[in-house]
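Now for the letters of each chain:
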Amino acid sequence: MVVNLERLLSRRATIMKASEIRELLKLTQSPGMISLAGGLPNPEAFPLEIIKKCIDKVLKEHALSALQYGTTEGLNPLRDAIAQRMKAKKGVDCELHDILITSGAQQGLAFIAMTFLDPGDTYISSAPTYLGAIQAFHAYEAKCEAIPMTDQGFDIEALRRNIQRLNRTGIYPKFIYTVPTFQNPSGGTMTLEARKQLLEVASEYDMLIIEDDPYGELIFEGESIPTMKSMDKKGRVIYLSTFSKILAPGFRLGWVVASPEIINKFVLAKQCTDLCTNVFSQYVAYEYISGGYLDIQVKEIIAMYREKRDVMLEAIRKYFPKEAKYTVPNGGMFFWVTLPKSINTRAMFKKAVAKKVAYVVGDAFYPDASQANSMRLNFSYSTNEDLREGIKRLGEVIKEELKAQITNGEQVGEGV
Ligand code: PMP
Ligand code: G9A
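These numbers come from a predicted model, not from an experiment. (Residues numbered from 1 in each chain as written. Chains lettered and ligands numbered in written order. Predicted model: local features only at pLDDT ≥ 70, side-chain atom pairs only at ≥ 80, totals over all residues. Heavy atoms only, no water.)

1. Structural notes on the packing of aromatic side chains
Working step 1: One pass over the full model with this rule turns up 14 aromatic pairs.
Working step 2: Ring centres of Phe-335 and Phe-379 lie 5.8 Å apart, and the angle between their planes is 70°; on these two criteria the pair is classed as edge-to-face. Highlighted residues: Phe-335 in strand E10 (residues 334-338) and Phe-379 in the loop between strand E13 (374-378) and helix H14 (384-407), separated in sequence by 44 residues.
Working step 3: Here Trp-336 and Tyr-366 contribute two aromatic rings whose centre-to-centre distance is 6.4 Å and whose plane-to-plane angle is 40°, an arrangement assigned as tilted. Highlighted residues: Trp-336 in strand E10 and Tyr-366 in the loop between strand E12 (360-361) and E13, separated in sequence by 30 residues. Considered together, Trp-336 and Tyr-366 belong to a single accessibility category, that of buried residues.
Working step 4: One aromatic cluster is present, formed by Tyr-123, Phe-137, Phe-175 and Tyr-177 through successive ring pairs.
Working step 5: Directly above the aromatic system of Tyr-140 lies the positively charged group of Arg-12, at a separation of 4.4 Å from the ring centroid. (Phe/Tyr/Trp six-rings, centres within 6.5 Å; stacked < 30°, edge-to-face > 60°. Helix = DSSP H or I, 4+ residues; strand = E, 2+ residues; numbered from the N terminus. Buried < 20%, exposed > 50% of the residue type's maximum accessible area, 1.4 Å probe, protein only. Lys NZ or Arg CZ within 6 Å of the ring centre and 35° of its normal.)

2. Looking at the site of ligand 1
Working step 1: Around ligand 1, the surrounding shell holds 13 residues, and the nearest of these are Ala-105, Asp-212, Tyr-215, Thr-242 and Ser-244.
Working step 2: Interatomic distance of 2.7 Å between a side-chain N/O atom of Ser-244 and an oxygen atom of ligand 1.
Working step 3: In the environment of ligand 1, an oxygen atom lies 2.8 Å from a nitrogen or oxygen atom belonging to the side chain of Arg-252.
Working step 4: When ligand 1 sits alone it has 400 Å² of accessible area, and the protein chains cover 92% of it. (Near = heavy atom within 4 Å. Polar contact = N/O pair within 3.5 Å; in protein donor to acceptor, adjacent residues only side chain to side chain. Areas by Shrake-Rupley, 256 points an atom, 1.4 Å probe, with all protein chains shown as cover.)

Worth remembering: the numbers are spatial, not functional.
In structure tokens:
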């Protein structure tokens, strides 16, 4: 008898959605395609020689324990090194017991969902936001209250109004999710004032804050703004970060900084997920930090990505029509482009792919898939030559789309 899968599937399995980015990754691997889509680090930023040295040292000095199961919390020397770095670079007062090593920051997002979200629960996020977070929270049947982003970060007034409206109907959001520094997808950074206000609101309405910070180290110019975790005296902020952008995503290594009570809950979630994070990777990452390589490498990555940001910016200025609006990111990996409202970037995507250039459609970053006229462009992955050529091709696609609309008599405004 053929298995009747539909009858057997859990409700969760039926509502889980595919990640637009993961699906795109397959498409962008086709020959000749220039991908400005996935948020992939540049392979030339992988420090191969350093990694070799670290691996040699691990095999020489710790082979047997590096190949064995490890504790769920993570390798203590690595947890300690991360705690020291969080203190020195991010102003966070923490120690080993406040750190959990995860299989990428994405796993931290899954643990947040498993630990805090019951079906029907509400959380708050800026819109647009990281689609992997929407995906993780959606799998646990949570509802997102999306708050528009401003140049400063969150629209704090809209945030208060919406929480009060929800409270009046008996809904109490569990947490606020945010990527405050060089946000994925917008590239924007929340001001210090906005961070303080967000903490105040969270405290007023007794919510947690999820501070997702994979890009904070990739700062091209200006001063870095204190993390919300550094201002958190009450254990209200759960901080996530990752080695994906400062070493290599293939290691699948991230970490959570939170109060020991929260870490203990996440340890239970991890025990039933994967027992422990890849122990060999953890040893290698420990050598990478303790050998002083991380600091050297971060400087190199910054120099490479700053140049790529400039190459993309120059190409956008040269090839995009004036109707395309964007802000210049001073860190991270993304440009966010807003086209006139009449343009649907999802419909336009097929035309871009036909010209062998890919981007991520903006509506993927909105929990309610609204805002159809934006797109995210990644500048870290491609060669400088491909960045220029990709933007040139995309500029042609946008211009053709605008022209077609004018011919069809549609109103074409400016991107907002
Ligand atoms: N959060 C954000 C905001 C991201 O952009 C990413 C990856 N692009 C992740 C989490 C997940 O990163 P990883 O699992 O590779 O650490
Ligand atoms: O490949 C992934 O899923 C990680 C990248 C995320 C992104 O492009 O935002």
